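Structure assessment
The primary structure of each chain is shown beneath.
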Amino acid sequence: MVNAAPQASFILAAFKAQDTIGRAIDSALAQVGVDIEVIVVDDCSPDGTAAAVAAYTDPRVRLIRLDRNRGPGGARNAGLEAAQGDWIIILDSDDMVAPDRAARMIARAKQANAQIVVDNIDVVMLEGTVRRMFDETRLAQLKTLTLPAFIDSNVLFRSEHNYGYMKPVFERRFLTKHGLRFDETLPIGEDYLLLASALAKGGICAVEPSAGYTYYIRSGSISRVLKLHHVEAMLAADETFVRDNSLDAASQAAQERRQRSLEDARAFVLLVDHIKARSLSGVVRTAMKNPAAIYHLRMPIAVRLKRFLAPLSRNRPAGEPVAETTGRG
């Protein structure tokens, strides 16, 4: 029988996840030392995702089927509204967690009198190899994650991974008190904004240096391919974040660095789009407006850019092959 008040609620937003949802649910159900519930929100999947979840007979698993596609933020918000646990644990539908993660995270949060807790991540690459995302010794020294440190780690182009990849565990009462929910307008970066907002509201975020979350890199992951509408949405969301929160000097300085990096990212994506479209005027116009866009070009993009510009400068006839270029934020 399901505990009327579980200690933790796992929330899984699922869209076209029939091949991986079972692994995620099984890892949540395998938690030891903590009473849990697993809420899966099917975001109008056109495949067998809902059927795979409905096949579970464990009463701790609950399926919510949305009547319209709301995106990852909207699906998670639906899960938050239905959650009954003292702690909220977000789990992506194609990832998994260690059996002791919930108990370890909750214990760490209580020890630090924190309303939020984050931990390290094991990353499974496309070829199957596993590597630890963050240096464990460094995280152990961090102890708590502050707002300026979190914003600074999410300045684009600075590093391959940042603290925005972490999957926080939140005290549900804290989220409810401050009316915190995922931004449903964001196609990417909704996780970052929720944690930043929680920290801005005074939340204490404890750090568990060991890895309890396993993140699977997948081909075509939206979080690894930056598009112009992604950057525009993040700029708009950050503007709202600054307006709605009083930031101290360190946080404000970090936010300004992030703002500049987002503006650089917008110029960079525009530049790459112009390269793909073989628009020399667009390349020149964008580069002149924001020279940082050129700086962010890296191999093999830089080589392809040279190959692209050379034939244009020689008035090469249209229709001859030009190397396609792609960009990553």
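Calculation notes
- One numbering rule holds for all chains: residues counted from 1, following each sequence as written.
- Totals for whole chains, interfaces and linings use every residue, but because this is a predicted model, local features are given only for residues with pLDDT of at least 70 and side-chain atom pairs only at 80 or more, for both listing and counting.
- Computation of side-chain values covers all heavy atoms of the structure but excludes hydrogens and water.
- The buried label goes to any residue with under 20% of its type's maximum accessible area, the exposed label to any with over 50%, and the partly exposed label to all in between, with areas taken from a 1.4 Å probe on protein chains only.
- A run of H or I in DSSP counts as a helix once it spans at least four residues, and a run of E counts as a strand once it spans at least two, with each numbered from the N terminus.
- Should DSSP find at least two bridges between two strands, the strands are regarded as paired.
- Here is the rule: rings of Phe, Tyr and Trp (six-membered ring for Trp) pair when centre to centre is within 6.5 Å. Planes less than 30 degrees apart are stacked, more than 60 are edge-to-face, and the remainder are tilted.
- Counting of polar contacts relies on pairs of N or O atoms within 3.5 Å, with two restrictions inside protein: one atom must be capable of donating a hydrogen and the other of accepting it, and residues adjacent in sequence are counted only when both atoms are side-chain atoms.
- Throughout, a residue-residue contact means that at least one pair of heavy atoms, one from each residue, lies within 4.5 Å.
- Among buried residues, those of type Ala, Val, Leu, Ile, Met, Phe, Trp, Tyr and Cys that are joined through side-chain atoms within 4.5 Å constitute a nonpolar core.
- By convention a crossover is right-handed if, when the strands point away from the viewer, the path from the first strand over the helix to the second runs clockwise.
- Summary of the metric used: pLDDT quantifies the predictor's per-residue confidence within the range 0 to 100.
- Just to be clear on terms, a salt bridge is a Lys or Arg side-chain nitrogen sitting within 4 Å of an Asp or Glu carboxyl oxygen.

Some remarks on the pairing of strand β9 (residues 205-216)
Of all 12 residues making up β9, 12 are buried, and the element is well covered by its neighbours. Taken together, the two bridges between strand β5 (residues 96-97) and β9 define a ladder with antiparallel strand orientation. Residue pairing for β9: Met 96 is matched across the bridge by Thr 214. In the sheet, strand β6 (residues 116-124) pairs with β9 via nine bridges, with the strands oriented parallel. Looking at β9, one finds that Asn 120 is bridged to Ala 211.

Structural notes on the packing of aromatic side chains
Applying the stated criterion across every chain yields a total of three aromatic pairs. Between the aromatic rings of Tyr 165 and Tyr 215, the centroid separation amounts to 5.9 Å while the plane-to-plane angle is 90°, which identifies the pairing as edge-to-face. Here the residue Tyr 165 occupies a position in the loop between α6 (147-153) and β8 (169-171), and Tyr 215 occupies one in strand β9, the gap between them amounting to 50 residues. By the burial criterion, Tyr 165 is buried, and Tyr 215 matches it.

Quick word on the side chain of Asp 122
Tracing the backbone shows Asp 122 in strand β6. The class of Asp 122 is buried, set by a relative accessible area of 16%. At 2.4 Å, the side chain of Asp 122 and the side chain of Arg 132 are in polar contact. In this view, Asp 122 contacts Val 130, Arg 131, Arg 132, Ala 211, Tyr 213, Thr 214 and Tyr 215; residues no more than four positions away in its chain are not counted.

What to know about the environment of Arg 158
Within the secondary structure, Arg 158 is located in the loop between α6 and β8. Sequence-wise, Arg 158 and Ser 261 are 103 residues apart; in three dimensions their C-alpha atoms are separated by 8.9 Å. Look past the residues within four positions of Arg 158 in its chain and what remains in contact with it is Asp 152 and Arg 257.

Points about the nonpolar core
Counting residues in each nonpolar core, the largest one holds 88 residues, and the members touching the most others are Phe 10, Leu 12, Ile 25 and Val 38. If one sorts the elements of this core by residue count, helix α8 (residues 190-200) sits on top with seven residues. Setting aside chain neighbours within four positions, we find Leu 12 in contact with Ile 21, Ala 24, Ile 25, Val 38, Ile 39, Val 40, Val 41 and Leu 91.

Side note on the pairing of strand β3 (residues 61-65)
The sheet contact formed by strand β2 (residues 36-42) and β3 spans five bridges and is parallel. Across the sheet, the residue bridging to Ile 39 is Arg 62, located in β3. Regarding the hand of the β-α-β motif, the stretch spanning β2, helix α2 (residues 49-54) and β3 is right-handed.

Observations concerning the confidence of the model for the protein
Mean pLDDT for the protein: 85, with 78% of residues reaching 70 or above. Confidence over residues 299-329 falls short of pLDDT 50; this stretch has 36 contacts with residues more than four positions distant or in other chains.

Looking at the side chain of Glu 208
Checked against the element boundaries, Glu 208 lands in strand β9. Here the side chain of Glu 208 touches Arg 108 through a polar contact of 3.0 Å, side chain to side chain. Setting aside chain neighbours within four positions, we find Glu 208 in contact with Arg 104, Met 105, Arg 108, Val 117, Val 118, Asp 119 and Asn 120.

What to know about α8
Across the 11 residues that make up α8, a large majority, 10, are buried. Inspection of α8 places Glu 190, Asp 191, Tyr 192, Leu 193, Leu 194, Leu 195, Ala 196, Ser 197, Ala 198 and Leu 199 among the buried residues, and these make up the whole buried set. Remark: Gly 202 follows α8 within two positions and exhibits a positive phi of approximately 95°.

Quick word on the pattern of salt bridges
Inspection of the entire model under this criterion finds 20 salt bridges. With its nearest N and O atoms 3.0 Å apart, the salt bridge here joins Lys 167 to Asp 92. Residue Lys 167 is found in the loop between α6 and β8, and its partner Asp 92 is found in the loop between β4 (87-90) and β5; the two are separated by 75 residues along the sequence. Asp 92 shares its class with Lys 167; the two are buried. For Asp 122, the salt bridge goes to Arg 132, with nearest N and O atoms at 2.4 Å. Taken together, the positions of Asp 122 in strand β6 and Arg 132 in strand β7 (residues 130-132) put the pair 10 residues apart, joining distant regions of the chain. Salt bridges sharing partners connect three or more residues here, namely Arg 76, Asp 92, Lys 167, Glu 190 and Asp 191.

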